[in-house]
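Fold and geometry: a report
Here's the letter readout for the chains.
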Amino acid sequence: MTGVSPDAGVEVRALPTRAGTRVVSAFWRHPAARLTLLYSHGNAADLGQMVGLFLELRAHLRVNIMSYDYSGYGASTGKPSEYNTYYDIEAVYDCLKKDYGIEEEDLILYGQSVGSGPTLHLASRLEKLRAVVLHSGILSGIRVLYPVKVTLWFDIFKNIDKIKQVDCPVLVIHGIADEIVDFTHGKRLWELAKEKYEPLWIKGGGHCNLETYPEYIRHLRKFINAMEKLAKDKAPKPPQLPSSSMTEVKHNKCLRFGKR
């Protein structure tokens, strides 16, 4: 993969999709990670350009990072389209489950700009997802160009409807001075989220520079810490044994109460 050095600790795969294309994915593992970020990047980027950011996020947040290039981007085959991005993220998610053993409860979906489309597509279908991050997200494709009041049938990435189907915590990050996707998109997505996390509105932030603001990584780290605590609090507790059995159990070192 262009731009990824051999010592970056990355595993690169070409994954088959339902559309018959092959999507290139890259997995950066952190040895102490409790959570994994599935990152869907923006329209004007590819994996090679994002490596520096992913390595920074991995180090500062202590998470695994999985990302991918949409069909027709980078070395991924096929043509760019709304539905191909859906097939792409589904293939990457299947890889995380089957090849890396990542549970749904330990996964955070992160969508930047257009990447908010496949992110909310998948998030609306997962019941036990840990969380979602929407970074400069869009309400829908047409709404980026025109402030329409209703969702038109030919619109793409209908996030304004899908956000209502997401049942996990949602963090929204948006630049107040975003010149491409107006700040009102992020504000409305946050308002429509069922389980809102404290949003980050970056004063002076544009569309492609939010990572350069110190509050970005600070707020994201706070969010990851909260999601780690949430995962710990929701972990199943071992069943309690009747008091009459405790003396017998104490001497049986091989007895297992069940997997956590």
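Residues numbered from 1 in each chain as written. Predicted model: local features only at pLDDT ≥ 70, side-chain atom pairs only at ≥ 80, totals over all residues. Heavy atoms only, no water.

A few words now on the confidence of the model for the protein chain. Confidence in the prediction for the protein chain averages 88 pLDDT; 87% of positions are at 70 or higher. In this model residues 1-7 is a low-confidence stretch, pLDDT under 50, and it forms ten contacts with partners more than four residues away in sequence or in other chains. (pLDDT = per-residue confidence, 0-100. Contact = heavy atoms within 4.5 Å.)

Moving on to the packing of aromatic side chains. As enumerated under the stated definition, the model contains eleven aromatic pairs in all. With a centroid separation of 5.0 Å and 70° between ring planes, the pair formed by tyrosine 39 and phenylalanine 54 is classed as edge-to-face. Taken together, the residues span a long stretch of sequence, with tyrosine 39 in strand β3 (residues 36-40) and phenylalanine 54 in helix α1 (residues 47-61) at a distance of 15 residues. Tyrosine 39 sits in the buried class, given a relative accessible area of 0%. A centroid spacing of 5.0 Å and a plane angle of 90° characterise the contact between phenylalanine 183 and tryptophan 201, whose relative ring orientation is edge-to-face. Taken together, the residues span a long stretch of sequence, with phenylalanine 183 in helix α6 (residues 183-192) and tryptophan 201 in strand β9 (residues 200-202) at a distance of 18 residues. On the accessibility criterion, phenylalanine 183 (18% relative accessible area) is buried. A relative accessible area of 27% places tryptophan 201 in the partly exposed class. Clustering of aromatic rings is evident, with ring pairs tying together Trp28, Tyr39, Phe54 and Tyr110. (Phe/Tyr/Trp six-rings, centres within 6.5 Å; stacked < 30°, edge-to-face > 60°. Helix = DSSP H or I, 4+ residues; strand = E, 2+ residues; numbered from the N terminus. Buried < 20%, exposed > 50% of the residue type's maximum accessible area, 1.4 Å probe, protein only.)

The next point concerns the nonpolar core. Residues Leu38 and Val132 are the most contacted members of the largest nonpolar core, which totals 35 residues. Elements that contribute at least two residues to this core include exactly β2 (22-28), β4 (64-68), α2 (82-100), β5 (107-112), α3 (116-123), β6 (131-135), β7 (169-175) and α6. Element by element, the count of residues in this core is highest for α2, at seven residues. Beyond its immediate chain neighbours, meaning those up to four positions away, leucine 38 contacts Met66, Tyr68, Ile89, Val92, Leu96, Leu107, Ile108, Leu109, Tyr110 and Leu122. Counting residues in hydrophobic clusters, the runner-up holds 32 residues, among them Tyr39, Phe54, Leu57 and Ile65. (Core = buried A, V, L, I, M, F, W, Y, C linked by side-chain atoms within 4.5 Å.)

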